[in-house]
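A closer look at the structure
Okay, here's what each chain looks like letter by letter:
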Amino acid sequence: MIDRIQLKKYIHDCLNKFVLIKDIPVILTLSKQLKKHLASASCRNGIGYITVSVKRFKNIKLGQQKEIIFHEVCHVVDWYLADCFPNSWKSDRKHGRTWKGLMKQIGLKPKIRYNTNKKAKND
Ligand SMILES: [Zn+2]
């Protein structure tokens, strides 16, 4: 089951851990088209986008959905900082040093793959 309001709450909770940048707008999309990945993230013009695969997400437990959302929010924050503060934040993109640092900053292990079903992974 996917509880859209709960997922938005996770985005909010995660952003709140980054005190100075907690007001990044993040648009959440539940996609029926996204099938290869559990979820994906991007950031354009100061707006974050998180897309969740309806097909892959619906059978995942809430706790793990939360972990995946936090993973994606860290991508959004990483790219947001790189876009808005290019002189001070050099993102190495994807799952590099900066993303890992953000995950650790909010108390999570920088895990990349989730072994929920088959080869599901998130980007
Ligand atoms: Zn990722």
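Everything numeric here is computed off the predicted structure, so don't read it as measured data.

Conventions and cut-offs
- Residues numbered from 1 in each chain as written.
- Predicted model: local features only at pLDDT ≥ 70, side-chain atom pairs only at ≥ 80, totals over all residues.
- Helix = DSSP H or I, 4+ residues; strand = E, 2+ residues; numbered from the N terminus.
- Rg over C-alpha atoms; globule rule 2.2 N^0.38 Å.
- Contact = placed C-beta atoms within 7 Å.
- pLDDT = per-residue confidence, 0-100.
- Pairing = 2+ DSSP bridges.
- Axes fitted to C-alpha atoms, helices over the stretch in contact; angles between N-to-C directions.
- Buried ≥ 20, exposed ≤ 12 C-beta atoms within 10 Å, placed from the backbone.
- Core = buried A, V, L, I, M, F, W, Y, C linked by C-beta atoms within 7 Å.

Description of the overall build of the chain
Looking only at helices and strands, one finds four helices and three strands in the chain. In terms of overall size, the chain behaves like a compact globule, its C-alpha atoms giving a radius of gyration of 14 Å where 123 residues would be expected to give roughly 14 Å. Structurally, the chain occupies a C-alpha span of about 40 × 25 × 25 Å along its principal axes. Expressed as a percentage of contacts within the chain between residues at least 6 apart in sequence, the contacts between residues at least 24 apart total 54%.

Details of the confidence of the model for the chain
Residues at a pLDDT of 70 or more form 92% of the chain, whose mean pLDDT is 89. Predicted confidence for residues 116–120 stays below pLDDT 50, and this span has six contacts to residues more than four positions away or in other chains.

Quick word on the sheet that holds strand S1 (residues 26–31)
Taken in spatial order, the three strands of this open sheet run S1-S3-S2, and their pairing is mixed. Among the strands making up the open sheet, the edge pair consists of S1 and strand S2 (39–44). Averaged over all pairs of adjacent strands, the angle between strand axes in this sheet comes to 15 degrees, irrespective of strand direction. Pairing between S1 and strand S3 (residues 47–53): six bridges, direction parallel. Bridge pairing in S3 links Leu 28 to Ile 50. Sitting on the sheet, helix H1 (residues 4–17) touches S1 and S3, and the angle it makes with S1 is about 145 degrees.

Considerations on the pairing of S2
Only one face of S2 is covered, namely the face carrying Ala 39, Ala 41 and Cys 43; the face carrying Ser 40, Ser 42 and Arg 44 is uncovered. Direction of pairing for S2 relative to S3: antiparallel, over a ladder of six bridges. Paired with Ser 42 across the bridge in S3 is Tyr 49. Counted between consecutive antiparallel strands, the loop separating S2 from S3 contains two residues, among which Asn 45 sits at a positive phi close to 50 degrees.

Thoughts on unusual backbone geometry
Its identity as a non-glycine residue notwithstanding, Asn 45 has a phi of 50 degrees, on the positive side. Position of Asn 45 among the secondary structure elements: in the loop between S2 and S3. For Lys 94, which is not glycine, the phi dihedral falls at a positive 50 degrees. Along the chain, Lys 94 falls in the loop between helix H3 (62–84) and helix H4 (97–105). The exposure class assigned to Lys 94 is exposed, which follows from the 11 C-beta atoms found within 10 Å.

Describing the nonpolar core
Within the largest apolar cluster, 27 residues are counted, with the highest numbers of intra-cluster contacts made by Ile 11, Ile 69, Val 73 and Val 76. Where this core is concerned, the elements lending two or more residues are H1, S2, S3, H3 and H4. Look past the residues within four positions of Val 76 in its chain and what remains in contact with it is Ile 24, Val 26, Ala 41, Cys 43, Gly 48 and Ile 50.

Things to note about the environment of Thr 98
Relative to the elements of secondary structure, Thr 98 occurs in helix H4. Each C-alpha atom, one on Thr 98 and one on Val 26, is 19 Å from the other, the two residues being 72 residues apart in sequence. In this structure, Thr 98 is in contact with Asp 78, Ser 91 and Asp 92, ignoring residues within four places of it in sequence.

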